[in-house]
Amino acid sequence: YTLQLLADLMAQCYAVHQVVVVDATPESDRNESLYQQKDYPFELIIKWQESKGSCRARNEAIDLCTGDYVVFGDDDIRVPPDFIENHIRFLQTNNAGACNGLDIRADHQKQDLQDLENKLNTLGDKRWIAGCTQMFSNANSCVKREYVSQLAGNDVNFDGGYGEDSDFGMS
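Given the structure is predicted, the values throughout are model-derived calculations rather than measurements.

### A few points about the side chain of Lys 144
Next up, step 1: Within the secondary structure, Lys 144 is located in strand β5 (residues 140–144).
Next up, step 2: An unpaired buried charge is present at Lys 144: no salt bridge exists, and Glu 146, the closest side chain of opposite charge, is 4.6 Å distant.
Next up, step 3: The contact partners of Lys 144, leaving out residues within four places of it in the chain, are Asp 68, Tyr 69, Asn 95, Ala 96 and Gly 97.

### Here's the deal with the confidence of the model for the protein
Next up, step 1: Of all residues in the protein, 100% have pLDDT values of 70 or greater, and the mean over the chain is 90.
Next up, step 2: Per-residue pLDDT, averaged within each element of the protein, yields its smallest value for helix α6 (residues 164–170) (85) and its largest for strand β2 (residues 43–48) (96).

### Concerning the nonpolar core
Next up, step 1: Core analysis: the largest hydrophobic core is formed by 16 residues, its most contacted members being Leu 6, Leu 9, Val 19, Phe 42 and Leu 44.
Next up, step 2: Going through the elements one at a time, α1 (2–10), β1 (18–23), β2 and α3 (83–93) are the ones with two or more residues in this core.

### Quick look at the sheet that holds strand β3 (residues 69–73)
Next up, step 1: Spatially, β3-β5-β4 is the arrangement adopted by the three strands of the open sheet, whose pairing is antiparallel. Across the chains shown, the open sheet's two edge strands, defined by having one partner strand only, are β3 and β4 (98–100). Across this sheet, the average inter-strand angle for adjacent strands is 10 degrees, counted without regard to direction.
Next up, step 2: Pairing of β3 with β5, which is carried by five bridges, proceeds in the antiparallel orientation. Across the sheet, Val 71 pairs through a bridge with Cys 142, a residue of β5.

Reading the values: the criteria
Each chain carries its own residue numbering, running from 1 in the written order of its sequence. Only residues with pLDDT of 70 or above have their local features reported here, since the model is predicted, and side-chain atom pairs are shown and tallied only from 80 upward, although totals for entire chains, interfaces and linings are computed over all residues. Side-chain descriptors were evaluated using all non-hydrogen atoms of the structure, hydrogens and water having been removed beforehand. In DSSP terms, a helix is any run of H or I states spanning at least four residues, a strand is any run of E spanning at least two, and both are numbered starting from the N terminus. Burial here depends on accessible area, computed with a 1.4 Å probe over protein chains only, as a share of the maximum for the residue type. Under 20% is buried, over 50% is exposed, and the range in between is partly exposed. Only four residue types enter the charge count: Lys and Arg as positive, Asp and Glu as negative, with His and the chain ends excluded. What makes a salt bridge here is a side-chain nitrogen of Lys or Arg within 4 Å of a carboxyl oxygen of Asp or Glu, nothing more. Between two residues, a contact is recorded if the distance between any of their heavy atoms is within 4.5 Å. A residue's pLDDT is the predictor's confidence in that residue, given on a scale from 0 to 100. Working definition of a nonpolar core: buried Ala, Val, Leu, Ile, Met, Phe, Trp, Tyr and Cys residues. They are joined through side-chain atoms within 4.5 Å. Should DSSP find at least two bridges between two strands, the strands are taken to pair. Working convention: axes come from line fits to C-alpha atoms, limited for helices to the stretch in contact. Angles between N-to-C directions cover 0 to 180 degrees.

Following this line, the structure appears as structure tokens:
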């Protein structure tokens, strides 16, 4: 999944400058040859996770990020070529500090970006509704770096459970 996401990030209209991957593959199962910097037009940072928990993994990634915006995404998402551009455009147009993208689930793991486009088209104009919400998803979001820095990351007390996304978003 991660390699597929990295390929999607290479195809972005708005060039990605840095990607940080925190890979939790156990040391005995790792294949470090999968991630080759020479294969990507952006800086690729691979952090092999030694701690446990998604909050710790996100915090480890945040510590390595250097850009003005931090785009959070799970390894199993697919992103169309305008993904990064749309996030940043939304933040700048609305003078916002953070935003979430849509959460559209695939019906099965072999669905591709055309399937995603079909699902987006089915939403029609509902696709473009924007507003405030009490939910936040670290699976598809963009936050100005200055706000991420103020928060000092995700609360590790949520590791092993649920609620870390909402807590991070509300903070």
